[in-house]
Amino acid sequence: MRKYLLGTGLIGALTSGYSLLRGSSSQPFTWRVALAWLSWGITFALSLGMILDIRRASRGELVAEDSPIAGSEEKYAKARATEAPEKKRKKRR
């Protein structure tokens, strides 16, 4: 779970959303503010989509062809395979 929550895309989207929220509270709502919020929403949706793609790839499922990690799913599946024995050892102790 930590690898998903500490991803740079998600952290960047949340910090930019926070600064956008602070900056837009003192301004009237104009088309520029609406575009800024739309842009933030798209950024946030893309970061969530990337998290979902990484999770699918780590479980061995296929990801969409337009995903940035398409074609390298094996890398994420291998990372999960190396984590699994370590977790089993920790549970035994």
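Conventions we followed
- Residues take numbers from 1 onward in each chain, read along the sequence in its written order.
- Two thresholds apply to this predicted model, a pLDDT of at least 70 for residue-level local features and 80 or more for giving and counting side-chain atom pairs, whereas whole-chain, interface and lining totals are computed over all residues.
- Heavy atoms throughout the structure, all of them, feed into the side-chain values; hydrogens and water do not.
- Salt bridge criterion: a side-chain nitrogen from Lys or Arg within 4 Å of a carboxyl oxygen from Asp or Glu.
- Under the scheme used here, helices are H or I runs from DSSP no shorter than 4 residues and strands are E runs no shorter than 2 residues, and both carry numbers assigned from the N terminus.
- For every residue, the accessible area obtained with a 1.4 Å probe (protein chains only) is divided by the maximum for its type, and the residue is called buried under 20%, exposed over 50%, and partly exposed between those limits.
- For a helix, the expected span equals 1.5 Å multiplied by the number of residues minus one.
- This arc describes the spread of directions from the helix axis toward the C-beta atoms.
- What we call a nonpolar core is a set of buried Ala, Val, Leu, Ile, Met, Phe, Trp, Tyr and Cys residues that are connected through their side-chain atoms within 4.5 Å.
- Note on contacts: a residue pair is in contact if any heavy atoms of the two residues lie within 4.5 Å.
- Two rings from Phe, Tyr or Trp (for Trp, the six-membered ring) form a pair when their centres sit within 6.5 Å of each other. Planes less than 30 degrees apart are called stacked, planes more than 60 degrees apart edge-to-face, and all others tilted.

Colleague: Please give an account of the pattern of salt bridges that cites residues and values.
Modeller: Under the definition given, this model contains one salt bridge. Between aspartate 53 and arginine 56 there is a salt bridge, with the nearest N and O atoms lying 3.3 Å from each other. Taken together, the positions of aspartate 53 and arginine 56, both in helix H3 (residues 31-58) and three residues apart, correspond to about one turn of that helix. Looking at aspartate 53, the relative accessible area reads 12%, which means it is buried. For arginine 56, a relative accessible area of 35% puts it in the partly exposed group.

Colleague: Residues and numbers for helix H2 (residues 8-24), please.
Modeller: With 17 residues, H2 ought to run about 24 Å at 1.5 Å a step, and its terminal C-alpha atoms sit 24 Å apart, in line with that. Those residues of H2 not exposed but buried are Leu10, Ala13, Gly17, Leu20 and Ser24. Buried residues of H2 fall within an arc of 95° about the axis and therefore sit on the same side. Away from its buried face by more than 90 degrees, H2 exposes Thr8, Tyr18 and Arg22.

Colleague: Please provide a residue-by-residue account of the nonpolar core, values included.
Modeller: Listed in full, the five residues of the largest apolar core are Ile54, Ala57, Val63, Ile69 and Tyr76. For alanine 57, the residues in contact, after removing those within four places along its chain, are Val63, Ile69, Glu73, Tyr76 and Ala77.

Colleague: I'd love a proper account of the packing of aromatic side chains, names of residues and values included.
Modeller: Tallied over the entire structure, the rule returns two aromatic pairs. With centroids separated by 5.8 Å and ring planes inclined at 80°, the aromatic side chains of tryptophan 37 and tryptophan 40 adopt a geometry described as edge-to-face. Of this pair, tryptophan 37 and tryptophan 40 both sit in helix H3, three residues apart, which is roughly one turn of that helix. Look at tryptophan 37 and you get partly exposed, because its relative accessible area is 26%. By relative accessible area, which is 23% here, tryptophan 40 ends up partly exposed. Considering the side-chain rings of tryptophan 40 and phenylalanine 44, the 5.3 Å spacing of their centres and the 15° angle between planes classify their relative orientation as stacked. Of this pair, tryptophan 40 and phenylalanine 44 are both found in helix H3, four residues apart, which corresponds to roughly one turn of the helix. Judged by relative accessible area, phenylalanine 44 falls into the partly exposed class, the value being 22%.

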